[in-house]
Structure formats: C-alpha cells, structure tokens
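One-letter residues, chain by chain:
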Amino acid sequence: MNPAFDAIIRSWPFEPWLYVSLLLAAGIYVRGWLVLHRRGARHWSQGQMIAFLAGLTVLFLALASPIEPFTSLLLQVHMVQHLMLMMLAPPLLWLGAPQFPLLLGLSRPIRTYWVAPLFRSHFLRRTFQRLTHPVPAWLLFTAATWFWHFPPIYELVLRWDGWHYLQHISFLGTALLFWYPVVRPYPSRPTWSPWLLIPYLILADVQNTLLSALLTFSDRPLYAYYVEGPRLGNLSPLDDQAVAGVLMWVPGSLAYLVPLWVIGIRLLFGGDETTTRRPGSLPGRAPGQGAAPVWPALPIVGQSRPFVEPTAFDVLKVPLVGRLLRWRHARLSFQVPLLMVAGLIIYDGFRGPPIGAMNLAGVLPWIHWRGMIVFGMLVAGNVFCMACPFMVPRTLARRWLPRGRSWPNWLRNKWLAVCLLIGFLWAYEAFALWDSPWWTAWIALAYFAAAFVIDGFFRGAAFCKYVCPIGQFNFVQSLISPLQVKVRNPVLCASCRTRDCIRGRDDVPGCELHLYQPRKSSNMDCTFCLDCIHACPHDNVGILAEAPGNELWHDSFRSGLGRFSKRPDVAGLIVVLAFGAFVNAAGMVAPVLEWQDQLTSLLRQRSPPLASSLFYVFGLIVLPVLLVGTATALCRFPGRTKVSRLEVATRFSYALVPLGFSMWLAHYSFHFLASFDAAFPVLQRFAGDLGWAVLGKPTWIRACCRPVADWLPRLEILFLDVGLLLSLYSGYRIAQYRSQRPSEALKVLAPWALLIVVLFAVGVWIVLQPMQMRGTMPAGG
Amino acid sequence: MRAVAVGVLFAWLFLGTWCTLAGADGGSIRLSGKKSGYQITVFTAPTPFRAGPVDISVLVQDSLTGEPMASARVTVRMSKAGQLPLEYPATPAAATNKLFRAAQFELPEPGHWDMQVKVEGSHGPAVIAGAVEAAEPLPRWREIWPWIGWPALAIALFSIHQILKRPGRGKASMRLDGRADSSVATRVSSRSGTIEAARWAFKSSHSLPAPLSHGVLS
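Residues numbered from 1 in each chain as written. Chains lettered and ligands numbered in written order. Predicted model: local features only at pLDDT ≥ 70, side-chain atom pairs only at ≥ 80, totals over all residues. Heavy atoms only, no water.

Moving on: the overall build of chain B. Tallying secondary structure elements over chain B gives five helices and eight strands in all. Traced from its N-terminal end to its C-terminal end, chain B shows the element sequence α-β-β-β-β-β-β-β-β-α-α-α-α. Here chain B holds 218 residues, and the buried ones make up 44% of them. A separation of at least 24 residues holds for 50% of the contacts in chain B among residues at least 6 apart in sequence. Carbon together with sulfur atoms contributes 61% to the accessible area of chain B, which is approximately 10500 Å² in total. (Helix = DSSP H or I, 4+ residues; strand = E, 2+ residues; numbered from the N terminus. Buried < 20%, exposed > 50% of the residue type's maximum accessible area, 1.4 Å probe, protein only. Contact = heavy atoms within 4.5 Å. Areas by Shrake-Rupley, 256 points an atom, 1.4 Å probe, with all protein chains shown as cover.)

What follows is the structure in structure tokens.
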C-alpha cells in the first residue's frame, strides 16, 4: 500500500466528547424508538431509525475521521467536511423523526422534571415556531454560509480552534433549522403552504451557486492560510480552491434540487397530506366530520394498554451477578480473599522492609484499597463493607464471647466515630502512617481486635454502626451512591407479619443494624451485608438503582436513624468528612508543606508533628465550626418559620456530602491512577523474600518518577465540578422544603452556596498544586 | 433492527479504538523551505507560542513531486542561551495526521529559542533552522478554565429551567426521582395547564402538539 495513503487512513483524531455525545444520542434514540415501534410499527418504521443513526454516523465521519486532520491542508477536504455537516447530516437526522424517540428514550424523571417544562414553555414553542418558518430559516442558513466563508473570518477559523468549533456548531445549527421545513419530521404540522418550499429551495440553490462560482472562477486564492501552507502533490492553492468550489456547486446543488424535485412531484400529483388538511383538523378525517378537535389516535396517547414504567434497575436480576449475590455465602466469598490480603499486609508490615514504597503495607492500603473504595462507591455502593475482612473474626467472637450486652445508650450516636475519625486523620499526617508499614500493620491488627471484642460482647453490630471509622466514611459517602438495598414493592411489606428482614428466620439473621426495610431510606448505616435479602421470604428486597443524592433532599423518618434534621451527630460526621477531604489532600501539596515547615521553624520545633497537628486542629475543628456557624447565622428562613440554629446547621450539612465525596474521589483517584503499578515491584519483592522467584526481580522503575498524565488533573476537576453542582442542588432542595417560593429558597441557600463554592475553589487550587506521590519511590531511589 | 443499531454502535466503538491519544497537529507555520531535496514545513502550537506544553509538527515532502516522505526520521532541537539544549524525536505516533511527525514536550522558559529540525531520509540528512519567541506560560487555571467554568453554564441553564417551570408557565409536578409532589393542587393545575397547552398547540405551526407531549411527558 502507498505509504502516504496508509498514513492518511490511519489519521483518526481522538475526540472523546464527540464519541460520548453521539453514543448517548444514539442510545437514547434507539431506546425510545423501540418503545414506539412496539406500540405502533406502522408509524415508526425501521427506515427512520436507520436515517437517524446514519445522520450521527455522518457527523462522526465529518468530525472524527481522517477528513478532520486534512482540513488544514486542503480547502477541498474542508469543503467536504462542511457539506457533510450542512447538507447530509441534518436531513438524515430529521428523517429519523427524532423528537418522540429522544423524549421517550430519556428516563421518566428526567423527562417529566427537566424536559417537560421546556415543552410547555410558550416562549420556547413560539421561538421554535418562528425559527423553523421558511423565511427566517433560509435567512439564518444563508447568513451563516456567507459569513463564515468571508476571507478574514475564514482565516480566523483556520488559525484558532475556538472559532473553528463555533463555525461547526453554527453550520450544524442553522442547517438543522433550514432542513426542518423541508423534511417536516413527524409530528410537525406546518400551517404555511408547502408551495413555499419551491422558491425556498430554488433560492437556496441560487445563493449556493453564487458562492461556489466565486470560489471556482476566482483568479486568486481567497484564503492566505492555504497559500502559506504546504501543498500535497502538485496541487496549487488556486486549483485546490477551484475544486472546493466545484464540490460546493455540484453536490451542494444536488442536495437542494433532489428534494425540490420530490416535493414538486408530490405537490403536482398529490400524496401530501398537508395540502388537504385544514388547520385543527385531523389526518384521515373528512372535512366537517367531528365538531371539536379530539386527541389524535397516535401510538402514545391512543394505546390499548396503559404505559407501564419499567421498574428500577435491580442488580439481583442481572444474570450471574444476581445469582452470586443471592447465595447465602456470597459475602463470605468476598471477605475471605480480602482477609488473606489483610494477613499478607500485616505480615509484611512487621517483617518486611520499613520503607513504605517497598512494603505491601505501605502501598496496598494507602494507594489501591483507598482508590478502589471510592470508585466502588461511585459506581455501586458500600462494596467494601460488604467485603469487610474485619467481620470474619466476628463470627468466631460470637461463639466464644458472651454477646449479651447492649451497646450503652449514651454511645448510641456517631460522636465516638467523629472523635476517632479526627484522631485517625490527624495521626495519618502527624506520624506519617502512610510511610510506616509497621504502624499500618498495627492499625490493621487493632481493627481486627476491636471488631472481635466489641461485637463479641455487645449485640447489634455495634462496631460497624457506632465505632468503625472506615465504616462511617463508607456510610456517608454512599449516601450518593447509585445503588441502594431497598424494598421492591412496599405494598407487599404492608401485608408481611413476620418481618424476617429485621428479625431473621431459620438460620438467616436479620439486619443487625436495625434497618427495617419498609422504612429504610438511604445507605446510611447499611453495610450491604445482604442479610435482609436472604431473610425476606417474599423475595421483596433488591439492590435497586437510585438517583445519586436523592436521599439527601427529604427529611422523612428513617428506620434506625430517625430524621436527618434531628441527628446533629450524623451532621457532625458529615462535616468532619467533608472538610477532612480538603484538609487531607492539602496536607500533601507543596505550598502547605512549605507553610508547615515555616511554622515548625517559627515554633523552633525539631519535628513537624506540632505544625501538622495545629493544621489539622484548625482544618477539622476550628474552620468547620467557624464556616458552618457563619452560614447558619446568615441563613434566614422566611415568615414565621421557627427553626433552631442547630437544626438548620444539621439539615444543611447534608448538602456538603457530594462535594466532600468528590474531593475524596479526586484525591484518591489521583494516587490510584498515577501509581497503581507501584504494587507490582512490591509484590515481586515480597514473593522473592518468600523464596518464590516466579514473579521475577523487582522492577522498581515502575514505582518511581512517572509523570502525571495531563488528563488526570482534568478528571479530578471534573469530579469536583459534578460534586459542586450536586451539592448546590441538594442545598436548593433542602432550602425548598421550608420555603414557599423559589426566591425564598435561594435566599436561604445563599450562605451555604457560598460555603460550597469556596470549598470547590479550594479543591481546584489543591488539584493544581504539585502533590506528594506517596507510596512511590523518590527519584534516584 | 436492534442488531442494526448495535452494529452501528459497535462500528463507532471500533473506529474509536483506531484513534490515537496524540495531540493537535498544525498550529502556526513557523519554518518552511527546501533543503537537500526535501520540502520541510514546521508548525508550532500553541498560538501564540509560549512556554509550557508545546507541540512541534513537521511535514517532510519530496521537493520535486510534493509526495510526503513517510520514512524520513525527524529530530527537533531547541536551544537557548544559559539552558541545556532540548532534543526530541518527532514521530508519527505523536501526531494525529500521520503524514506529520510531532514532538510534544515541556518548554521550560519563555524567551528567544533557536529551533533546529533535522531530517534524515532517502535524500540524506538535511537541517532547517530558525528562531522562535516563546511568550510567558499561561497560568495553570487559564489553560483549563473551561473545565472549571462549565458548572456556571449548568447553573445558568438550571436557573432558566426553573424560571420556565414557574406556575402559569406549566408546572412539572415530578421530582428528579420521579416521585410526585404531595400537593394535589399542584397536580390539578399541572394537568389543566397541560390541556391548555394542548389546545394552544393545535393552532400553532411546527410545534409539538401537547396531547402528544402529554402522553409522552406525563
């Protein structure tokens, strides 16, 4: 094969946003089309779906095929790209009649809550009506064509990417408006005469011919960029311009003349419904039949059976996965491997080298385990608690130790866990736990011992619910996870008298965290142990999909928890974890470390623990109290609504969960994605120490000096962006609960929104700073 | 038809895997000339050229026929007074347009840099050189401001959506989670608003008749 041709066909640009957009559009369309096709195949033909997908394919080829890289070298290639965007893709998309398939393809909450107001808006409907009238559509299309081909503007487009994107969006947008009246996709009903399309298309062809003639017959190149650039083959810039003009002329004219011919034939010889339809009358009815307009017999409205919304996605119904999770010993099958890994970590922590980057205890817990926890919660839920290895010895403890006591009433809250979390986050920095395999091993042992003792002496999974700092972290972050263990059909639970989900049955225990399924709401305190699923005799408990953050917005009574607004201990936990995310990440960035060193010098200390202690006391206690207190003080509920300050602070603290989680996710994913292969040389070393040479000699270069990929900070910022938006929305929904009008809700939300935005800005600043690559070898080491 | 749709989607994914993670090609033409039987054109990006991440793309052609020379090896060398010279191979792998060779690296300092591009191919070695002024690097946040700033657009769109949703303009009575608001009055006014919108829609052109949207959207 010719090397140049080979190079050309391998030149595919990487445009991830384009792929995601096109795949999403196609997926939504196909989903909606399938529903419509089932209900009325006569109205929804396969040709429509093919046309729409073909239109998306044309867009893909125009913008993400080898055409795109060659547009800057040859004007004729650039012309082909524009013809695809303006003449080919839009009519194909409209031929797919996309309005209803795209609407039905959306999920019901999005369709009814977000999209419906747009369709009911008089302003938008009027605007769309005016823009798709032939006169303004023709004017906009022609103006865009001539404007962007004006030489100084075209030069700008060729030299600046931003203008180039704007040009493409403008071409596509005006072309969609232009072709809408021509295609008239179902269910549009124009009230203007279809004969208007004849001069419409003729005039469009005339302006196209004028512009193409200018390009074809010009005696000098119009665009200096192509004169300065390299020439491929022996094609001169003027010849290239002439070919571009011919391409615009001939195929461009065909694009107008073919539909002109088709429409003309239909108008002359009949077959077009709109010529016989009076405004307000219905297709298929003779004039005068029926006094008033009634709903037309359409597949959606005139359906013979009610539209049944599909039930939420249930993991237990996924083949293989569902079967595995229904197995009585599923949890144990996850816990045992993690127990073995924990054993190896403890062993290597005590017996292996004391350098964190060379020890399993310095790498696996602090890089891999933390990263996988947050990714697990992002895509599923509290999967670590499901597979928690610390619970395996608990089974033995319950056999050996007297489990007769109740957890003390005064400790039946989260305050102990809050103190332990603050202590853990402080100790992590003050004693550099991440760099001490020995301390890490002791911490793991302490966890096993605490779970053994507490759950051995006390009933009701007290360790998980009231003590375990890792568990509290998981509970809070999983409040915005997409999956939740919940009841499938509440009506069935109303008739259940045995309540096995909480009492247990036979040898299957019920929920030990006192979460009664019919009243359970949210993942708070849920360890995903699946006992309720195994115990329910009606198979009425599943792992169902939930809108992320949904549980933060309402203050209903929840089993095992009560109302969120009455739980300042849970709010305190959330605040510590939210601020802890930022403090923990900030403690590893260069400017903060330099500041701590300066503080150490100022205090004339030999070791840094005092400076880092002061930093953590300020960041985890002083600053949250100050900021949350200020936001609470500034928060004014309208009218006679009397709410205590504590309740306000408690309720609005839940709005910090999404942003806090996004900061943990950004931070832990950074370390995980930047250093995930640091585990390989450590495993090689560990195997070598045990006499197993099968893994080879450690390749320490894999644990060192990898430059941070450019896309990684962008991904972290993207996480923060989504967290910001979800936190603001959660705050808005919480504020709406006690407000009569949206404007009142906004006033109530304002101080909290400011706090959230400030935290977001701090998070972005942290992401953009150089960060310590903990758990990896230093350069030269 | 599901098979057709799935086939198209898989075709896109397959084509997508062909794509490289290479950066942008082209940019501004910095150097161009004929040397030892080659036509060498050198592009630099970003525009304006500045310290920080840069992309230098080279197109090597036969000066007589204009044919791209796919087998030529290209090296880019940047030197500045008081700095160790930087030398990087320019490869097709780093370029989106595989006729080019690209070198992407971090230019450490602003100021006056001497650029030298060495080509080795079937016509032997050739060098093209020139000077380039690198401006101060952009602050980090300015490079990635779209990533930081798009939530403001989302908030603006949400605000517009809330304004459109106000009573009198047609209320959506459903929450994001699909559960209805508890207010019966809300549901009644929503339905009457929908019917009113439907009657209006019958008289409009090029709008979605509300009975259709009612069936789809309710």
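Following the structure, the description resumes.
Let's shift gears to the overall build of chain A. Each helix and strand in chain A was counted, giving 34 helices and two strands. Overall size of chain A, expressed as C-alpha extent along the three principal axes, is 95 × 70 × 60 Å. Looking at the 781 residues of chain A, the share that counts as buried comes to 54%.

Glancing now at the sheet that holds strand 3 (residues 52-62) of chain B. All names here are of chain B. Spatial strand order, 1-2-3-6: four strands in an open sheet with antiparallel pairing. Looking at the sheet topology across the chains shown, the edges are occupied by strand 1 (28-35) and strand 6 (100-107). Going across the sheet, the axis of each strand differs from the next one's by a mean of 20°, ignoring polarity. Across seven bridges, the pairing between strand 1 and strand 2 (residues 38-45) is antiparallel. By the bridge assignment for strand 2, Leu31 is matched with Val42. (Pairing = 2+ DSSP bridges. Axes fitted to C-alpha atoms, helices over the stretch in contact; angles between N-to-C directions.)

Attention now moves to helix 30 (residues 645-653) of chain A. Burial of helix 30 of chain A is extensive: seven of the nine residues sit out of reach of the surface. Tucked into the core, helix 30 of chain A has its buried residues touching helix 27 (568-586), helix 29 (609-634), helix 31 (657-675), helix 33 (711-736) and helix 34 (742-767) of chain A.

The next thing to look at is the sheet that holds strand 7 (residues 111-121) of chain B. Residues and elements named next belong to chain B. With antiparallel pairing, four strands are arranged side by side in an open sheet as 5-4-7-8. The strands lining the two open edges of the sheet, one partner per strand, are strand 5 (86-90) and strand 8 (124-134). Pairs of neighbouring strands in the sheet enclose a mean axial angle of 20°, with direction left out of account. Alignment of strand 4 (residues 73-79) against strand 5, held across five bridges, turns out to be antiparallel. The residue bridging Met78 from the neighbouring strand is Leu86, located in strand 5.

What follows deals with the nonpolar core. In terms of nonpolar packing, the biggest core is built from 134 residues, with Ile543(A), Phe652(A) and Trp752(A) touching the most fellow members. Looking at which element gives the most residues to this core, the answer is helix 27 of chain A, with 14 residues. (Core = buried A, V, L, I, M, F, W, Y, C linked by side-chain atoms within 4.5 Å.)

For the rest of this paragraph, the subject is the confidence of the model for chain A. Close reading of the predicted structure is inappropriate where its pLDDT is low. Confidence in the prediction of chain A, expressed as mean pLDDT, is 87, and 93% of residues score 70 or more. Confidence over residues 273-309 of chain A falls short of pLDDT 50; this stretch has 51 contacts with residues more than four positions distant or in other chains. (pLDDT = per-residue confidence, 0-100.)

Before going further, it helps to examine the pattern of salt bridges. All chains considered together, the criterion is met by 21 salt bridges over all chains. Each member of the salt-bridge network shares a partner with another, and the members are Asp314(A), Arg326(A), Arg488(A) and Asp539(A). (Salt bridge = Lys/Arg side-chain N within 4 Å of Asp/Glu carboxyl O.)

What follows deals with a nonpolar patch on the surface. Together, Trp195(A), Val246(A), Val250(A), Leu254(A), Val258(A), Trp261(A), Val262(A), Ile265(A), Leu268(A) and Phe269(A) make up a nonpolar patch on the protein surface, roughly 1000 Å² of accessible area in all. Take Trp261(A): it is sitting in helix 14 (residues 237-269). (Patch = residues over 30% accessible without salt bridge, like charges linked within 9 Å, V, L, I, M, F, W, Y side chains within 5 Å.)

Below, the discussion takes up the packing of aromatic side chains. A complete count under the given rule lists 49 aromatic pairs over all chains for this structure. Aromatic side chains Phe217(A) and Trp249(A) sit 5.8 Å apart centroid to centroid with 90° between the ring planes, which places their arrangement in the edge-to-face category. Residue Phe217(A) is found in helix 12 (residues 197-217), and its partner Trp249(A) is found in helix 14; the two are separated by 32 residues along the sequence. For Phe217(A), a relative accessible area of 60% corresponds to the exposed category. An aromatic cluster is present here, built from Tyr113(A), Trp114(A), Trp553(A), Tyr729(A), Tyr732(A) and Phe158(B) joined pairwise through their rings. Directly above the aromatic system of Phe564(A) lies the positively charged group of Arg558(A), at a separation of 3.7 Å from the ring centroid. (Phe/Tyr/Trp six-rings, centres within 6.5 Å; stacked < 30°, edge-to-face > 60°. Lys NZ or Arg CZ within 6 Å of the ring centre and 35° of its normal.)

What follows covers a positive patch on the surface. A surface patch of like charges, here positive, comprises Arg497(A), Arg499(A), Arg503(A) and Arg519(A). Tracing the chain through its elements places Arg499(A) in the loop between helix 24 (490-494) and helix 25 (500-503). (Lys, Arg positive; Asp, Glu negative; His and termini not counted. Charge placed at Lys NZ, Arg CZ, Asp CG, Glu CD.)

This paragraph deals with empty space enclosed by the protein. Residue and element names in this part refer to chain A. Evaluated as defined, the whole model comprises ten cavities of 30 Å³ or more. In this structure, the largest cavity spans a volume of roughly 120 Å³. Surrounding the largest cavity, 14 residues form its lining, Cys493, Cys496, Cys501, Pro518 and Cys536 being those nearest its centre. When the residues that make up the lining of the largest cavity are grouped by side-chain class, the tally is nine nonpolar, three polar and two charged. Looking at the second largest cavity, its volume works out to about 90 Å³. Taken together, Asp555, Ser565, Phe637, Val643, Glu647, Val648, Arg651, Phe652, Ile734, Tyr737 and Arg738 make up the lining of the second largest cavity. (1 Å grid on protein atoms, 1.4 Å probe; cavity = no way out; pocket = protein on both sides within 12 Å on 5 of 7 lines; lining within 4 Å. Points joined across faces, edges and corners; volume = space filled by probe spheres on them. Nonpolar A, V, L, I, M, F, W, Y, C, P; charged D, E, K, R; others polar.)

With that out of the way, let us pick up the environment of Gln104(B). All names here are of chain B. The topology assignment puts Gln104 in strand 6. With relative accessibility at 40%, the residue Gln104 sits in the partly exposed group. As for Gln104 and Pro146, which are separated by 42 residues in sequence, their C-alpha atoms are 22 Å apart. At 2.9 Å, the side chain of Gln104 forms a polar contact with the side chain of Asp55. Among the polar contacts listed, one links the side chain of Gln104 to the backbone oxygen of Ala94, at a separation of 3.4 Å. (Polar contact = N/O pair within 3.5 Å; in protein donor to acceptor, adjacent residues only side chain to side chain.)

In this section: the confidence of the model for chain B. All names here are of chain B. Counting all residues, the mean pLDDT for chain B is 74, and 64% of those residues have values of 70 or more. Segment residues 14-24: pLDDT under 50, and 26 contacts once partners within four positions in sequence are set aside and those in other chains are kept. With pLDDT under 50 throughout, residues 169-218 is counted as low confidence; its partners more than four residues away or in other chains account for 121 contacts. For this predicted complex, the interface confidence comes out at an ipTM of 0.79, alongside a pTM of 0.79.

Relative to the helices and strands, Phe431(A) resides in the loop between helix 20 (415-430) and helix 21 (437-457). Once the C-alpha coordinates of Phe431(A) and Met663(A) are considered, the two residues, 232 residues apart in sequence, prove to be 23 Å apart.

Residue and element names in this part refer to chain A. Within the fold, Gly322 resides in helix 15 (residues 321-326). Of the residues examined, Gly322 reaches a relative accessible area of 0% and is grouped as buried. Separated by 221 residues in the primary sequence, Gly322 and Ile543 place their C-alpha atoms 9.4 Å from one another. With residues up to four places along the chain from it excluded, the contact list for Gly322 reads Val315 and Leu316.

Before going further, it helps to examine the side chain of Thr600(A). Note that Thr600(A) resides in helix 28 (residues 590-602). Side-chain polar atoms of Thr600(A) contact the backbone oxygen of Gln596(A), separated by 2.8 Å.

Residues and elements named next belong to chain A. Structurally, Ser613 is set in helix 29. Accessibility expressed as a relative area gives 15% for Ser613, which makes it buried. Excluding its chain neighbours within four sequence positions, the residues that come into contact with Ser613 are Trp426 and Ala430.

The next point concerns the packing of helix 27 of chain A against helix 29 of chain A. When two helices pack together, their arrangement is captured by the angle between the axes and the distance separating the axes. Residue and element names in this part refer to chain A. Where helix 27 contacts helix 29, the two axes come as close as 10 Å, and the packing angle between them is 135°. In terms of their interaxial angle, helix 27 and helix 29 are classed as oblique. Where helix 27 crosses over helix 29, the handedness of that crossing is right-handed. The segment helix 27 lies against helix 29, with Val575, Val576, Phe579, Gly580, Val583, Asn584 and Ala586 engaging Phe615, Tyr616, Gly619, Leu620, Leu623, Pro624, Leu627 and Val628. When grouped by side-chain class, the residues that make up the contact of helix 27 with helix 29 number twelve nonpolar, three polar and no charged. (Parallel < 35°, antiparallel > 145°, perpendicular 65-115°, else oblique. Left-handed = near helix turned anticlockwise from the far one by under 90°.)

Residue and element names in this part refer to chain A. Pro187 follows Tyr186 through a cis peptide bond whose omega is 10°. Residue Ala97 is not a glycine yet carries a positive backbone phi of 45°. Note on placement: Ala97 falls in the loop between helix 5 (75-95) and helix 6 (99-105). Here the phi dihedral of Arg499 falls at roughly 50°; this positive angle occurs in a residue that is not glycine. Looking at Arg499, the relative accessible area reads 37%, which means it is partly exposed.

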